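Fold and geometry: a report
Here is what each chain is made of, one letter per residue.
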Amino acid sequence: MLGNIHSYESFGTVDGPGIRYVVFLQGCPLRCKFCHNPDTWDIKGNNKLVSPKEIFEELLKYKNFFKKNGGLTVSGGEPLLQSDFVLELFKICKENNINTALDTSGYIFDDKVKEVLKYTDLVLLDIKCIDKEVYKNLTGVKLDNTLKFLDYLKEINKPVWIRHVIVPGITDDEKLLTKLAKYLEKFKNIEKIELLPYHTLGVFKYKELKKEYPLLGTKPLSEERLLIAKKIFKQLV
Ligand code: SF4
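Residues numbered from 1 in each chain as written. Predicted model: local features only at pLDDT ≥ 70, side-chain atom pairs only at ≥ 80, totals over all residues. Heavy atoms only, no water.

1. Examining the overall build of the chain
Here is the rule: Only DSSP runs of H or I reaching four residues or more are called helices, and only runs of E reaching two or more are called strands; each is numbered from the N terminus. We compute the radius of gyration from the C-alpha atoms alone; for a globule the expected value is 2.2 Å times N to the 0.38, where N is the number of residues. Think of it in three bands: with a 1.4 Å probe and only protein chains considered, a residue is buried below 20% of the maximum accessible area for its type, exposed above 50%, and partly exposed in between. Whether two residues are in contact is decided by their heavy atoms, any of which lying within 4.5 Å being enough. Note on areas: Shrake-Rupley with a 1.4 Å probe; residue coverage comes only from the protein chains shown.
Within the chain, the regular secondary structure consists of nine helices and eight strands. Expected size for 237 residues packed as a compact globule is a radius of gyration near 18 Å; at 17 Å, the chain falls within 12% of this value. By principal-axis analysis of the C-alpha atoms, the chain measures approximately 45 × 45 × 35 Å. Across the 237 residues in the chain, those meeting the buried criterion constitute 50%. Long-range pairs, those at least 24 residues apart, make up 71% of the contacts in the chain between residues at least 6 apart in sequence. Summed over its atoms, the accessible surface of the chain is roughly 12,000 Å², and 51% of this surface lies on carbon and sulfur atoms.

So, in structure tokens, the structure goes:
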């Protein structure tokens, strides 16, 4: 069993709680217009094949830094495109008391994914937009599975952090943000909502890949707009 890996981060602090070893997997069925990692899209793009055991042995080097709530995060791309691999990796981690977090769009939702969730401590669920049409336009795929995925996480009472990228002129619309905030209210298993301001740091990758950047001319989200969004989600500190 081998996974196709894009990259690693040894001391991740933004993909889940504590210090985390983050593994980014190749492959994604979505085409988010704001994506800053288009180099992860092609599942065969990197061809760095690694076994779950090799990754586990590598992350053990950092175990002392994990302390109470750190651990492993698997991200992408869309990691559940390689759900067999994630399953094996998470199983090894749980056998060894390593905390596991799964960063996903929720687009792939089947029995194998349900199996993966048995070994997942925390799901970081990226909801790109709550409006079906805007979602389709923004990502190229349907929203339905993501919402089913979230329903299932509620059913099994799995802790979730929601992540939502706010793109000026698209998802910074106050009606859309209010609709999403209201929608999420009923999910008591949601521990945190992370509002992520759109940035343009990945634009150079499109040039390297000779791809057209879909949001050319869109400026990074302003502090002011982020503050408005935070107020809507009552996250003001
Ligand atoms: S799900 Fe993530 S990796 Fe895939 S296209 Fe969207 S932002 Fe990029």
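2. Some words on the sheet that holds strand β4 (residues 71-75)
Put simply, the rule reads: Any two strands between which DSSP finds at least two bridges are classified as paired. In this analysis an axis means a line fitted to C-alpha atoms, helices contributing only their contacting stretch, and an angle means the value between N-to-C directions, from 0 to 180 degrees.
Here eight strands make up an open sheet; going across it, the order is β3-β1-β2-β4-β5-β6-β7-β8 and the pairing mixed. Strand pairing shows two members of the sheet lacking a second neighbour, β3 (48-50) and β8 (190-197), which therefore form its edges. Each neighbouring strand pair of the sheet contributes to a mean axis angle of 30 degrees, computed without reference to strand direction. The sheet contact formed by β4 and strand β5 (residues 99-104) spans four bridges and is parallel.

3. Topic: the side chain of K128
Note the threshold: When charges are counted, neither His nor the chain ends are considered; positive counts come from Lys and Arg and negative counts from Asp and Glu. Salt-bridge detection follows one rule: a side-chain nitrogen of Lys or Arg within 4 Å of a carboxyl oxygen of Asp or Glu.
Its location among the elements puts K128 in the loop between β6 (122-126) and α5 (132-139). Among buried charged residues, K128 stands out as having no salt bridge; its nearest opposite-charge side chain is D126, 4.6 Å away. Setting aside chain neighbours within four positions, we find K128 in contact with L30, C32, F34, S105, Y135, L138, T139, H164, V165 and T171.

4. Some remarks on the side chain of T146
Relative to the elements of secondary structure, T146 occurs in helix α6 (residues 144-155). Excluding residues within four positions of it along the chain, T146 makes contact with S105, G106, Y107, L125, D126, I127 and Y135.

5. Quick notes on the environment of D126
Tracing the backbone through its elements, the reader meets D126 in strand β6. Note: C-alpha distance between D126 and N145 (19 residues apart in sequence) is 12 Å. Ignoring anything within four residues of it in the chain, the contact list for D126 reads D103, T104, S105, T146 and R163.

6. A few points about the environment of K136
Looking at where K136 falls in the secondary structure, it is placed in helix α5. A sequence separation of 105 residues divides K136 from R31, and the C-alpha atoms of the two residues are 9.7 Å apart. Other than its neighbours up to four places away in sequence, K136 contacts V141 and K142.

7. Looking at the pairing of β6
Defined as follows: A clockwise path from the first strand over the helix to the second, with the strands pointing away from the viewer, defines a right-handed crossover.
The buried fraction of β6 amounts to five of the five residues, a majority that puts the element mostly inside the structure. A two-sided burial pattern is seen for β6, the buried positions comprising L122, L124 and D126 on one face and V123 and L125 on the other. When β5 meets β6, the two strands line up parallel, connected through four bridges. Bridge pairing in β6 places D103 opposite L124. Once you follow β5 into helix α4 (residues 111-118) and on to β6, the crossover reads as right-handed. Where β6 and strand β7 (residues 160-166) come together, four bridges link them in parallel fashion.

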